[in-house]
Amino acid sequence: MRQSGRSTDVDSLATGLARDRFPLLARTIGDRPLHYLDTAATSQKPEAVLAALAHFYRHQNANVHRGLNTLAEEATEAYERCRRRVAGWVGAPDAAGVVITRGATSSLNLLAHGLEHLLLPGDEILLTEMEHHANLVPWQMLARRRGLQLRFIPVRDDGELDLDRLPELLGERTRVVSLVHASNVLGTVNPVAEVADRSRQRGILTVVDAAQSAGHLPLDFAAVGADFLVFSAHKAYGPMGLGFLVARPEALERLEPLEGGGEMIEWVDLESSTWAEVPRRFEAGTPNVAAAAAFPAAIDLIEELGAPAIRRHEAAVTAYALDCLQDLGGLTIYGPADSERRGGLVSFWDPLVHPHDLSTILDRHGVVVRAGHHCAQPLHRRLGVPATTRASFGLYTRRDDIDALIEGIRDARKVFAR
Amino acid sequence: MTEGPQDALYREVVLDHHRHPRGARPLERFDVQASGKNPSCGDEVTLQVAFDGDRIAAVGVLSQGCAISTSSGSMMAELVVGRTVEEAAQVAERFKKVMHGDDVPAEVDLGDLEALTGVRKFPVRVKCALLPWITLLDAILARRQGRAASDRVMDVTFEERS
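Since the model is a prediction, treat every value here as computed from it, not as a measurement.

1. As for the packing of aromatic side chains
All names here are of chain A.
Working step 1: Counted under the stated rule, the structure contains 10 aromatic pairs over all chains.
Working step 2: Ring centres 5.9 Å apart and planes at 80 degrees place the aromatic pair Trp89 and Phe231 in the edge-to-face group. Taken as a pair, Trp89 in helix H2 (residues 70-89) and Phe231 in strand S9 (residues 228-232) lie far apart in primary sequence, 142 residues in all.
Working step 3: Judged by its relative accessible area of 0%, Phe231 is buried.
Working step 4: With a centroid separation of 6.0 Å and an interplanar angle of 75 degrees, the aromatic rings of Trp89 and Phe295 are classed as edge-to-face. Of the two residues, Trp89 sits in helix H2 while Phe295 sits in helix H9 (residues 289-305), which places them 206 residues apart along the sequence.
Working step 5: For Phe295, a relative accessible area of 0% gives the class buried.

Following this line, the structure appears as structure tokens:
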């Protein structure tokens, strides 16, 4: 174990926060305790969320907004309670501005489709070089359909966005800026409020992808100042198959719905229909009611521990991991050197061991990491590396998880020493 | 450390090929160059193949990837040089079948490739082992069609089973 110093002196580093409330973390991999370092792919779920999922299916299971009976009323209330709870949690001005989706990817596709009718050939959409494919491909599809230009804020060598380029990139034809809050590869926390502010001055719509920050960094819709904020529940200790698009209700009014079907309509004739009010206009079909019923339990936990305390803890884990990885020597570590400037993850390249081999050897140590391009191929080309190994952290991560990672890397280097 | 299934993956013969890859240098003269790429993990291999009539005279295996793909390419360099195109294609097809869990007659000799059959326990890594061989089949196809180059991005899930 490494002697901790400076910012790693946080009480929770040794124990993690609320770790005993995450039953899966007690399992083993082979004969080794599990060290789960892939929270950026999906977080583990606290007992309260699992219990809420089961409770819904055992006691309340019914479709929403449809039946005039007790079960349907309870299910609808559980679903709408999630909307209100999320609105309050992220400081949305109105629960009617919260669209419940299947995840951040669905939310971004909804936006890329919903804004299409506002755009003309030759208009520009500004993204960044560090986007997850979810905030890249839907805009590429839109650009192809509509004859738009995509432009990109470059990533500097220190892992930060080159915002000096912003004045020239925000051009006469720029209509939408969409960028990630916290990078899923570099960890970089982008100054989204500044970008949103500069965009708004020019009448440009701003989209912020908060998939990696929701539940990990303090997140406030008003403070971010974007027109649209998207995130998934499953990276924020909630269930899979649930996500959100947060906006002012007036902003949602400008979007065309992507999916047609039940629930999103007001009046349907054989030849045409009128849409329901926002946000239900964007919620065609049967939603994941159980996941919505369970997600408030995750928000309860986050609020109980407090967003600043969670942030402090994850920054301490990140600082400790950065120190340990640097001590190993020979690694290329990506993203800002300062743990205060980054979210809870570290991606690196070890010239001695390919990420896939490392991932397999780490599994023998009970250490779960992600190896590959993490759905950010253009960023990896920018970094000049085919793949990286990523260790990502949550509120439950503790020092011995990092120690096991380091021990595993040492073991892998022994196996592959040339 | 107890022995886990990973030890079936990184056997000494595999590691030896990884540490000292055979044929890992560009050829001065070659007839076909074929590249294969595995987008899901970033593995890349470029094969340079020189033919002498119907035989494979030399192979340059330029790999960038994990130990499984580099050692598989190294074993290929050992196995196919001096063989006819037909024989090399047969080895490639048999190896593909073995890695996909199909029964193969016991008399088929895969040489050091036998050591890679442990990869079958790790389904996501099978494509790493197959990348050089599928690229070799591309090179052979290019030769037969009179082309000098071939480039392929392997399908993430369904790399040809034929």
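There's plenty left to go through after this.
2. A look at the state of the cysteines
All names here are of chain B.
Working step 1: Taken as a whole and assessed by the stated rule, the structure comprises 0 disulfides over all chains.
Working step 2: There is no disulfide at Cys128, and the cysteine sulfur nearest it, in Cys66, is 3.8 Å away.
Working step 3: With relative accessibility at 0%, the residue Cys128 sits in the buried group.

3. Quick look at the domain arrangement of chain A
Residues and elements named next belong to chain A.
Working step 1: Its domain assignment divides chain A into domain 1 (12-46 + 306-416) and domain 2 (50-303).
Working step 2: The gap between the C-alpha centroids of domain 1 and domain 2 is 27 Å.
Working step 3: The interface of domain 1 with domain 2 comprises 41 residues on the first partner and 34 residues on the second.
Working step 4: At the junction of domain 1 and domain 2, the tally comes to 3 salt bridges.
Working step 5: Put simply, Arg341 and Glu160 hold a salt bridge, and the shortest N to O gap is 2.7 Å.
Working step 6: Between the two partners, domain 1 and domain 2, sit 26 residue pairs in polar contact (both at pLDDT 80 or more).
Working step 7: Secondary-structure elements contributing two or more residues to the side of domain 1 that touches domain 2 are helix H10 (307-328), strand S14 (345-349) and helix H12 (377-383).
Working step 8: Sorting elements by how many residues they give to the side of domain 1 that touches domain 2 places H12 first, with 6 residues.
Working step 9: Taken together, the residues of the side of domain 1 that touches domain 2 sort by class into 20 nonpolar, 13 polar and 8 charged.

4. A closer look at the interface of chain B and chain A
Where interface size is quoted, it is often the accessible area lost as the parts come together.
Working step 1: Contacts between the two partners involve 22 residues from chain B and, on the opposite side, 19 residues from chain A.
Working step 2: Roughly 1,700 Å² is buried in total at the junction of chain B and chain A, and carbon and sulfur atoms are behind 53% of that figure.
Working step 3: Where chain B packs against chain A, one counts 1 salt bridge.
Working step 4: Close ionic contact of Arg125 of chain B with Asp357 of chain A constitutes a salt bridge, the shortest N to O distance being 2.8 Å.

Each value, and the rule that gives it
- Residues numbered from 1 in each chain as written.
- Chains lettered and ligands numbered in written order.
- Predicted model: local features only at pLDDT ≥ 70, side-chain atom pairs only at ≥ 80, totals over all residues.
- Heavy atoms only, no water.
- Phe/Tyr/Trp six-rings, centres within 6.5 Å; stacked < 30°, edge-to-face > 60°.
- Helix = DSSP H or I, 4+ residues; strand = E, 2+ residues; numbered from the N terminus.
- Buried < 20%, exposed > 50% of the residue type's maximum accessible area, 1.4 Å probe, protein only.
- Disulfide = S-S within 2.5 Å.
- Domains from an automatic or database assignment.
- Contact = heavy atoms within 4.5 Å.
- Salt bridge = Lys/Arg side-chain N within 4 Å of Asp/Glu carboxyl O.
- Polar contact = N/O pair within 3.5 Å; in protein donor to acceptor, adjacent residues only side chain to side chain.
- Nonpolar A, V, L, I, M, F, W, Y, C, P; charged D, E, K, R; others polar.
- Buried area = accessible area lost by both parts, 1.4 Å probe.

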